[in-house]
There are 2 protein chains.
Amino acid sequence: MRLAVLGAGAVGSSVAELAAAYGHTVTALGDSSSAVVDADGVDVDAALERKREEGQVGAAEPDAAVDGPYDALVEATPTTLDDAQPGFGHVRAALERDRHAVLANKGPVAERYDEVRALEAESAGQVRFEATVGGAIPVLGTVEDYGPGKISAARGILNGTANFILTRMAAEGLGYEHVLAEAQDMGVAEADPTFDVEGIDAALKCVILANVLARGERTYTRADAEIDGITDVPGSALELANEDGRTIRLIGEVTGETVRVGPRLLPEHADLAVGGTTNIVQLETENAGRLNLSGRGAGGPETASAVLADVNRLPEP
Amino acid sequence: MRLAVLGAGAVGSSVAELAAAYGHTVTALGDSSSAVVDADGVDVDAALERKREEGQVGAAEPDAAVDGPYDALVEATPTTLDDAQPGFGHVRAALERDRHAVLANKGPVAERYDEVRALEAESAGQVRFEATVGGAIPVLGTVEDYGPGKISAARGILNGTANFILTRMAAEGLGYEHVLAEAQDMGVAEADPTFDVEGIDAALKCVILANVLARGERTYTRADAEIDGITDVPGSALELANEDGRTIRLIGEVTGETVRVGPRLLPEHADLAVGGTTNIVQLETENAGRLNLSGRGAGGPETASAVLADVNRLPEP
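Residues numbered from 1 in each chain as written. Chains lettered and ligands numbered in written order. Predicted model: local features only at pLDDT ≥ 70, side-chain atom pairs only at ≥ 80, totals over all residues.

Caption draft 1: Spatial organisation of the relation of the copies chain B and chain A. Aligned on chain A, chain B shows an RMSD of 0.0 Å; the corresponding rotation is 180 degrees and the shift along the axis is 0.0 Å. The two molecules are tied by a two-fold rotation axis, judged by turn and shift. Taking the C-alpha atom as reference, chain B places Leu293(B) closest to the rotation axis, 2.4 Å from it. A shared binding surface is used by both copies, with 100% of the interface residues of chain B retained as interface residues in chain A. (Least-squares fit on C-alpha atoms with pLDDT ≥ 70 in both. Contact = placed C-beta atoms within 7 Å.)

Here it is, written out as structure tokens:
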């Protein structure tokens, strides 16, 4: 399939680099300030080298990638809130041209889900977004296979940075600020960790999952979620939990009409209490009991694998 | 979709009972000695009640179900080895009529995989068999999505009976024979537990997984697997492991060209060391690290959910 990849960060560049090994051709690649388009296949290595050296993937205007030749547009620009731009506009442009849209960007499907689905309904293209929930973990594909109406609840650990911090605090008896600084040094936390430690990133994933499980009966946005982060979890709380064979994790929950993210007390060896940057999702199914799906929730090639799994499910043009 | 369900045991009857809730119609239902066929939809409740009371689902000959009107044949008769009959014959009949075949029966895809794939290649129908590996756990769907060529190894606990016995032996300090008798009383182990405790059932699942991962480059049968069961695991070995923070589980492994099943020593709280009748599969992916998928590996509605997930992936006729 011919892919236009929007975004040349960790995920977008991994999609572009891996596409050929999955049988696809990158016919357009765009970043925030430039693009490169070639109907016969972009020279991905050259474009990414140019990005590293000159800050731009190509000489064309950014819109050239959206307007270029492709069967599926991969939206891998950074997640933005509220109007979810420019990601939303990219998805709209693809669908209006009857092309598929595959998202790694959470914004459009967390903040403007009903609009995305309305555009899809008018299009010959489809929208998929496995990579937006749990990175490499096959969450949305499993929901689709088992039937969103057959899943009564979902909960999980959907932010590796927050989970790494809580795991380290519990294991080493260290305070939040100390472990955060360490995580930033290691590249596990960003310089501005707000999205991760305030629970916003996990909440967006839960909102997306809630939208899928609701099957159009209602739609959710971030405003529908109760969100607590981990910045107020004292080391002493983890010590007390530990003495009792328990631990604290930042858990996202989608049950009925409720979407919540917050610190929760769990048995230390509970299935849900994965460690480090690992993510996990538990699905409560109507007929098949509980499914536990865990793996890497972030990372370039990991998230790109989920994008390419989505591409694999799309009908050929 | 119109389904012919072959087999009226726990899995077949669950598929028949759940089909309508997933948007499908059962147009034929067969057991080993009879069948009922109705192009407008079989009265499933009446047929299963007749089965309970009279031992037969209907008044027609068994072949009537295979020859009846349907889009997909669900093969849920008991797993048999070697020639894998009558399951293989049912799958062949469906494919020769250009119908889809969905298997819960491991025999045809463990013992005669190349023949099944050859029949599929000549047919407009497709073959799917998610339910044969790990029951409700979405193993084969995940392999398909991520690309069988992108998965370097798989390992897991693929037999709930053996895992229940080992878990109980470790937790209670009891011997094998005692726990086996208890499991038989509870219905967790069959009167003849050979398939489960000798590792054969787990090996068939590993062989199927190996066939999928090999993508036709070679095929495997049970004869290619090294198989050790749990009948010789002494309680004292579990005690020694326990003193060292470890435990013993029956692990199936598919790595490169090797298929093995046998008791293995694991850290007590390893991801792989699930307890009770739970099953787990770990996939080592090329680009996305390790995925852990766990859930119920057996049971009527659980396995039927996997069958219906397969049906959901089939193209409409």
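Caption draft 2: Representation of the pairing of strand β5 (residues 100–103) of chain A. Residue and element names in this part refer to chain A. The two faces of β5 match: His-100 and Val-102 on one face and Ala-101 and Leu-103 on the other face are all buried. The pairing of strand β4 (residues 72–75) with β5 spans four bridges and is parallel. Looking at β5, one finds that Leu-73 is bridged to Ala-101. Looking at chain direction, β5 and strand β6 (residues 127–128) are connected through two bridges and run parallel. Looking across to β6, one finds that Ala-101 is bridged to Val-127. (Buried ≥ 20, exposed ≤ 12 C-beta atoms within 10 Å, placed from the backbone. Helix = DSSP H or I, 4+ residues; strand = E, 2+ residues; numbered from the N terminus. Pairing = 2+ DSSP bridges.)

Caption draft 3: Region of the structure containing the environment of Ala189(A). Residues and elements named next belong to chain A. Among the structural elements, Ala-189 can be located in the loop between α9 (176–186) and α10 (194–197). As a C-alpha pair, Ala-189 and Val-254 span 65 residues in sequence and 25 Å in three-dimensional space. Once you skip the residues sitting within four places of it in the chain, Ala-189 turns out to touch Thr-161, Leu-180, Ala-183, Gln-184 and Asp-196.

Caption draft 4: A look at the sheet that holds strand β2 (residues 25–30) of chain A. All names here are of chain A. Taken together, the six strands give an open sheet; going across it, the order is β3-β2-β1-β4-β5-β6, and neighbouring strands pair in mixed fashion. The open sheet has two edge strands, β3 (35–37) and β6, and neither has a second partner. Note that strand β1 (residues 2–6) and β2 share five bridges and pair parallel. By the bridge assignment for β2, Val-5 is matched with Leu-29. Contacting β1, β2 and β4, helix α1 (residues 10–18) runs over the sheet at an angle of about 160 degrees to β1. (Axes fitted to C-alpha atoms, helices over the stretch in contact; angles between N-to-C directions.)

Caption draft 5: Quick look at helix α7 (residues 139–146) of chain B. Taking burial as the measure, the eight residues of α7(B) include seven buried ones, the bulk of the element. Residues Val139(B), Leu140(B), Gly141(B), Thr142(B), Val143(B), Asp145(B) and Tyr146(B) constitute the buried set of α7(B).

Caption draft 6: The arrangement of the interface of chain B and chain A in detail. Each side of the interface is counted separately: chain B has 29 residues, and chain A has 29 residues. When contributions to the side of chain B that touches chain A are tallied by element, the ones reaching two or more residues are α7, β12 (290–296) and α13 (300–313) of chain B. Each residue belonging to the side of chain B that touches chain A can be placed in one class, and the counts come to twelve nonpolar, twelve polar and five charged. Relative to β12(B), strand β12 (residues 290–296) of chain A runs antiparallel, the two being bridged by three bridges. Each residue of the ladder has a partner; that of Asn292(A), found in β12(B), is Ser294(B). (Nonpolar A, V, L, I, M, F, W, Y, C, P; charged D, E, K, R; others polar.)

Any functional reading would require information beyond the geometric quantities listed.
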